[in-house]
Amino acid sequence: MAEQYQSREERRKKLQSKSKPKAKKKSGGLVKKIFLTLVALGIIGILAGVGTFAYLVKDAPVLDPKLLKDPIPSKILDKDDKLVTEVGAVNREYVNYKDIPQVVENAILATEDYRFYKHHGIDPIRLGGAVLANIQHGFGSEGASTITQQVVKNSFLTPEKTLKRKVEEAWLSYQLEQQYTKHQIFEMYVNKVYVSENSHGIATAAKIFYGKELKDLTLSEAAQIAGMPQSPNNYNPFVHPDLAEKRRNIVLTLMHQHGFISKEEMDAAKKVSVKDTVLNEKERNVKEKPFDSFVDAVIDEVKATTDFDIFTDGLTIHTTLDQNAQSYVEDILNKDDVIDYPDEDFQAGVALLDTKTSEIRAIGGGRNQKVKRGFNYAIDTQRQPGSTIKPVLDYAPAIEYLNWGTFEMIEDKPITYSSGKKFGNWDQSYRGAMTIRTALQLSRNTPAVQALQQVGLDKAKEFAINLGIPLKEIYESYAIGGFGGKTVGVSPLQMAGAYSAFGNKGIYTKPHAIRKIKLRDGTVISTAPEPKVVMKDSTAFMITDMMKSVLEYPGTGTRAKVPGLAIAGKTGTTNYTDEEIQKWDIPSSRSVPDAWFTGYTTNYTASIWTGYKDRSTPINAVGNNQRLAQLLFKNIMEYVSKDVDTPDFKKPSSVQSVRIERGSMPPVLASQYTPSSQIITEYAVKGHSPKRVSTKYDKLKAPKNLNATYDQVNNNIGLSWKYSGKADVSFAITVDNGTAKKQYSQTETSLTIPAVPGETYTITIIAISGSRQSDPATTSIKIPAQETTPNNGTQPGTEPGNGNGNGNGNGNGNGNGTGNGNGNGTGTGDGTGEGTGEGTGTTPPDTPVDNGTGDGTNSGTPG
C-alpha cells in the first residue's frame, strides 16, 4: 500500500515541477543580499518559532501509554459459554488491525487521512491550510487533523479548539509516531472513534447498524460507517438516513478520487439505499441488559479477585449462571401468579448455588427493582439470621467437637444466658427433655443455647468463620440468631455458602459467579476458589439428617417440602426488642422483621430472606406472610430439580445407625425387650454410640422351686415358691382347672387355694415390677378322687354325693366329692317307689347337690 502512495505522490510532484515557470536571472549582488536577508529572517523566525513552540507545549500532557488503552466492554458468558450480556463504560466491539478488511481501511484513509502512511504524525500541507484558515476566520474554523492527531486528541486532549491545543496535538502526534507503528496507530483510531448510540469503534457500528461483523460489510456500508466520526449523531442512519446517505456518497467520491475504487464501483454503491440496508426497528430493538442481580455478583467478584477493570479491559468472563434458573427466580419475585405477596414494598433476596461446587446458578436481588446496579438483597443484605444459624453455631459444632449423636438429649427448660439475662422460646413454653433432632425440628431456643454453651464460644465462632459466616465476635445470644455489635448480620449468599458445605460432605467452597477469565491476548485465568474441608463427613451427614426432619411434621419447615425430593433445611425468624416495639409502634407481638429459609438437596442449595427494606416495617402474622420464604424455596427448588436426578444424602462409613430407647436421658441403646413403639433409630459418630443397653424393659428373674401340695384333710392346695430377684416385685398367679381360670396377685411367696377331688390344676406364676415381668413359672397337680363303699339303702352313705340314675330310689346328700353306690331297699325318703340305681356326679365346692326323683311309693334313705 505504501508503494501505491509513493508512486501517486511522485507523479503529483513531477506534474508540479513541469508546470512551474522558470525564474528570471537576477544580478549576483542583489541575489546575494536577498539571500542573506532571507537567511537572517529565517534564523530569527526559527529562533522565535522554537521559543514559541517550546512555550506552547510546556504544559502538554505526557504521552501515557495507559491513556491510549481503549475502554473495552467485557463479555459475560453463562455456564454453557453462551453470551449473556456485555459490561462496560462504553459499548465497544474491539478489532485488531489484522482483522480490519481492506475496504474499511480504504474508506477511512480516503475520508480522514489519505497521506497517513507518508507523514510522521503531522501533515504540513493540511496543517498549514488549517492554521491559515484559523488566522483568517478565527481559531476552530477548520481542522485538518491526521489520523495520528485524532488518536492523540481522543486520548489526551480536551475538545477545545485553540492554537495551543493544536500545537500540543502536533507535538504528541510526533511522539506517538516515534513509539508506535502505523498499523498500531490505525488500530487505535478504528477502535476509539465515537459512532453514536453510546458506542465506540467501527466494528461496533457494523454490529449496531447492520448486524454484521466488520469483515462482512459491503462497500456501501463501509463508506457509510467511515463517514460517521465527523458528526456521529447527525450521520446516524437510524435517525437521519438521508444525511447519512449524503455523507456516504461523499466518502465514495473521495475513495474514487484517491484511487481506491473505480467509477463503476462508486456509482453502483451510491445507488444503494442506506435506509433500506440498515437494521429495521424490530431488529434493532436491543433487549435491556438482562440479569442485573447476577451481573452485580460478577462485577463484585472481578473487583475482589483480580486487578482488572471489567468496564474497560475487554475481558471474556465465563460465569456459573444458569439462565433458565435466573429467569425463573426473577419471574417468581416480580410476578404474583405463584406467590401472593402482601404489597409492592415486600422484599426478598435469593441465592441459588450448586451444592457440590458452590457455583452461583441464580441471584434474586430483590422485587420491583427500579434502579440498575441498585441494592442487591441477595448479596448486600446484612440481616440477623434467626434460627437458620442454629445448625452452623450450635448443633454441627456439638457433633464435630463433642461427638454428639442425633439422639443426644437436652432439656427444653427455662434458662438464662451466662450473664443472667433471660430469654425464652417463641411460644413462651417449655417441653422438657428431647433429642437435639427434635429441638432443631421444633426450633426450640433453650436447647440451642445450651448446645452452644457446651461447645464453647471460641470453637463455635471458628466453625462458623470456616463456613464463610463473617463473625467478628460472638455472644451466647448468637446461638439463636440474635446478631449485633460489630457483626451486624449475614446475606443469603453467605448462608447458602455455609449450608452447601453440609450438603457437600463437609467441603466448603466460597460461593462464586466466575469460572475463568479470558484476556484479550488469549490468556486464561482461573479465579474459582479452592475447596477446603471444614468439618468431618460425619458432622455434615448427621446435621443434614437432622435438618431433613425440619420439613417433616411437626417441623417448622413443612411448607418448603417438595414431594419426592430429599431436602434438608432450616427456618428462621427474628424478633423485635421491647424497646423497638415501643419505638416503632409494632402492632403485634408476633410481628417479625425477618423471615428466612435456607435448605439444600444434593444438587442445589438456596437461601431465601424476606422482609422490608427498613427493619422498622414488620412482617405481620396475617396469612402466610412469615412463611413466604418457605414457599419461594419450595417453588424454586421444584423448578430447578424438575427432570434432574436428585439422589438422597449418602451415609458415610464414619457414621453408624443406632437403636435408642425413646426418652432415655442419658441415651441408652434399646434392648431386645424394648417395645418397638419405644425405639427410635438415630445416628452416631462411629465409636461414639451409647455403651449402656437399656434394662427398662428387661425381663425379671422367674420364680423358682414352685411347689403345689394337696391337703386332703382340708381339701386344698398349698402353693410355695422362691424368688431371688428384685424385692419390689409382685406375683401374678393364674389357677386353671381346665374349665375356668382364677387370678390372684400378691407379694408373698405362698398361697393356699381350695381343691376339688378328681380335678387337675395348672398353676402359673409371673414376677412383675412396673413395666417389667419375668418368664412364667408353671406346675400342675391332680387332686385324687374320693373312694366310696356299697350302700344298701339302710344306712347313710359315707360319701354323700349327687347321683343321677334310673331307679326307684332318690337320695339326697350334701358335700363335696363324688360317690357311687348300689342299693336296694325300701324306706321313707324324698321319693316313692322301689328300685336300684347307679350314677356318678360332680359338685363344685359350695354348690348344692341335685335331687333325683323316681317312680315309687316309698321313700328311700339317701345313698
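A brief report on the enclosed structure follows. (Residues numbered from 1 in each chain as written. Predicted model: local features only at pLDDT ≥ 70, side-chain atom pairs only at ≥ 80, totals over all residues. Heavy atoms only, no water.)

### A word on the sheet that holds strand S20 (residues 716-722)
Where strands meet in a sheet, backbone hydrogen bonds hold them as pairs that are either parallel or antiparallel.
And then number 1: With antiparallel pairing, the three strands of this open sheet are ordered in space as S19-S20-S23. Strands at the two margins of the open sheet, each flanked by one partner only, are strand S19 (704-711) and strand S23 (750-754). Each strand of the sheet is rotated relative to its neighbour by a mean of 15 degrees, with strand direction disregarded.
And then number 2: As defined by bridge partners, S20 adjoins S23 across five bridges and the pair is classed as antiparallel. Note on S23: the bridge partner recorded for asparagine 716 is proline 754. (Pairing = 2+ DSSP bridges. Helix = DSSP H or I, 4+ residues; strand = E, 2+ residues; numbered from the N terminus. Axes fitted to C-alpha atoms, helices over the stretch in contact; angles between N-to-C directions.)

### Structural notes on helix H22 (residues 537-548)
And then number 1: The terminal C-alpha atoms of H22, which comprises twelve residues, lie 16 Å apart, in line with the 16 Å expected from a rise of 1.5 Å per residue.
And then number 2: Burial runs high along H22: ten of the twelve residues are buried. (Expected span 1.5 Å × (residues − 1). Buried < 20%, exposed > 50% of the residue type's maximum accessible area, 1.4 Å probe, protein only.)

### So, the nonpolar core
And then number 1: Formed by 90 residues in total, the largest nonpolar core has its most connected members in Val392, Leu393, Tyr395, Leu467, Ile469, Phe502 and Ile543.
And then number 2: With seven residues, the single largest contributor to this core is helix H24 (residues 628-641).
And then number 3: Once residues within four sequence positions are removed from consideration, isoleucine 469 is found in contact with Ile389, Val392, Ala464, Phe483, Val490, Gln494, Met495 and Ala498.
And then number 4: Ranked by size, the runner-up nonpolar core spans 54 residues in total, among them Leu172, Ala205, Ile208 and Leu252. (Core = buried A, V, L, I, M, F, W, Y, C linked by side-chain atoms within 4.5 Å. Contact = heavy atoms within 4.5 Å.)

### Some words on helix H11 (residues 241-257)
And then number 1: Taking 1.5 Å of rise per residue, 17 residues should cover 24 Å, and H11 covers 24 Å from first to last C-alpha, within 8% of that figure.
And then number 2: Within H11, burial applies to Pro241, Ala244, Arg247, Arg248, Val251, Leu252, Leu254 and Met255. End-on, the buried residues of H11 take up no more than an arc of 160 degrees, which puts them together on one face. Away from its buried face, by an angle of more than 90 degrees, H11 presents the exposed residues Lys246 and Gln257. (Arc of directions from axis to C-beta.)

### Digging into unusual backbone geometry
And then number 1: In this structure, proline 554 follows tyrosine 553 across a cis peptide bond, with omega equal to 5 degrees.
And then number 2: By secondary structure assignment, the location of proline 554 is in the loop between H22 and strand S14 (568-573).
And then number 3: Looking along the chain, the bond that leaves methionine 665 and enters proline 666 is cis, with omega of 5 degrees.
And then number 4: In the Ramachandran plot, aspartate 81 falls in the positive-phi region, its phi being about 65 degrees despite a non-glycine side chain.
And then number 5: Position of aspartate 81 relative to the elements: it lies in the loop between strand S1 (74-77) and strand S2 (83-87).
And then number 6: Despite not being glycine, asparagine 368 shows a phi value in the positive range, around 55 degrees.
And then number 7: Looking at where asparagine 368 falls in the secondary structure, it is placed in the loop between strand S7 (360-364) and helix H17 (390-402).

### Topic: the sheet that holds strand S11 (residues 514-518)
And then number 1: Overall, mixed pairing links the five strands, which are arranged S2-S1-S5-S11-S12 in an open sheet. Where the open sheet ends on each side, the last strands, each with one partner, are S2 and strand S12 (524-526). Mean inter-strand twist for the sheet, computed between neighbouring axes without regard to direction, equals 20 degrees.
And then number 2: In terms of strand pairing, S1 meets strand S5 (residues 316-319) through three bridges, oriented parallel.

### So, the pattern of salt bridges
And then number 1: Considering all chains together, one arrives at 28 salt bridges under this definition.
And then number 2: For aspartate 81, the salt bridge identified is with arginine 515, shortest N-O distance 2.8 Å. Linking aspartate 81 in the loop between S1 and S2 with arginine 515 in strand S11, this pair joins segments that are 434 residues apart in sequence.
And then number 3: Of the residues examined, aspartate 81 reaches a relative accessible area of 39% and is grouped as partly exposed.
And then number 4: A relative accessible area of 22% places arginine 515 in the partly exposed class.
And then number 5: Close ionic contact of arginine 444 with aspartate 412 constitutes a salt bridge, the shortest N to O distance being 2.9 Å. Here arginine 444 is found in the loop between helix H18 (436-441) and helix H19 (445-455), whereas its partner aspartate 412 is found in strand S8 (residues 409-412), with 32 residues between them in sequence. (Salt bridge = Lys/Arg side-chain N within 4 Å of Asp/Glu carboxyl O.)

### So, the packing of H17 against H22
And then number 1: It is at 9 Å that the axes of H17 and H22 come closest, and there the two elements cross at 130 degrees. Here H17 is positioned oblique relative to H22, judged by the angle of their axes. Seen along the crossing, H17 lies across H22 with a hand that is right-handed. Taking contact as the criterion, the partners of Pro391, Tyr395, Ala396, Ile399 and Glu400 in H17 are, on H22, Thr539, Met542, Ile543, Met546 and Met547.
And then number 2: Across the contact of H17 with H22, the residue classes tally to eight nonpolar, one polar and one charged. (Parallel < 35°, antiparallel > 145°, perpendicular 65-115°, else oblique. Left-handed = near helix turned anticlockwise from the far one by under 90°. Nonpolar A, V, L, I, M, F, W, Y, C, P; charged D, E, K, R; others polar.)

### Concerning the environment of glycine 489
And then number 1: Position of glycine 489 relative to the elements: it lies in the loop between helix H20 (457-466) and helix H21 (492-503).
And then number 2: On the basis of relative accessible area, glycine 489 is assigned to the buried category, the value being 2%.
And then number 3: Leave out the neighbours within four places in its chain, and glycine 489 touches Gln382, Arg383, Gln384, Phe483 and Gln494.

### Observations regarding the packing of aromatic side chains
Any pair of aromatic rings gets described here by the distance separating the centres and the angle formed by the planes.
And then number 1: Per the counting criterion, the structure on display carries 22 aromatic pairs.
And then number 2: Aromatic pair tyrosine 499 and tyrosine 600: ring centres 6.2 Å apart, planes at 80 degrees, arrangement edge-to-face. Here tyrosine 499, found in helix H21, pairs with tyrosine 600, found in strand S15 (residues 594-600); they are 101 residues apart in sequence, far enough to count as distant.
And then number 3: Ring geometry for phenylalanine 541 and tyrosine 683: centres 5.1 Å apart, planes at 80 degrees, overall edge-to-face. Of this pair, phenylalanine 541 sits in helix H22 while tyrosine 683 sits in strand S18 (residues 679-685); the two residues are 142 residues apart in sequence, bridging distant segments of the chain. Each member of the pair, phenylalanine 541 as well as tyrosine 683, is classed as buried.
And then number 4: One aromatic cluster in this structure is built from Tyr97, Phe116, Tyr117 and Phe186.
And then number 5: Of note, arginine 367 hangs over the ring of tyrosine 341, and the distance from its end group to the ring centre comes to 3.7 Å. (Phe/Tyr/Trp six-rings, centres within 6.5 Å; stacked < 30°, edge-to-face > 60°. Lys NZ or Arg CZ within 6 Å of the ring centre and 35° of its normal.)

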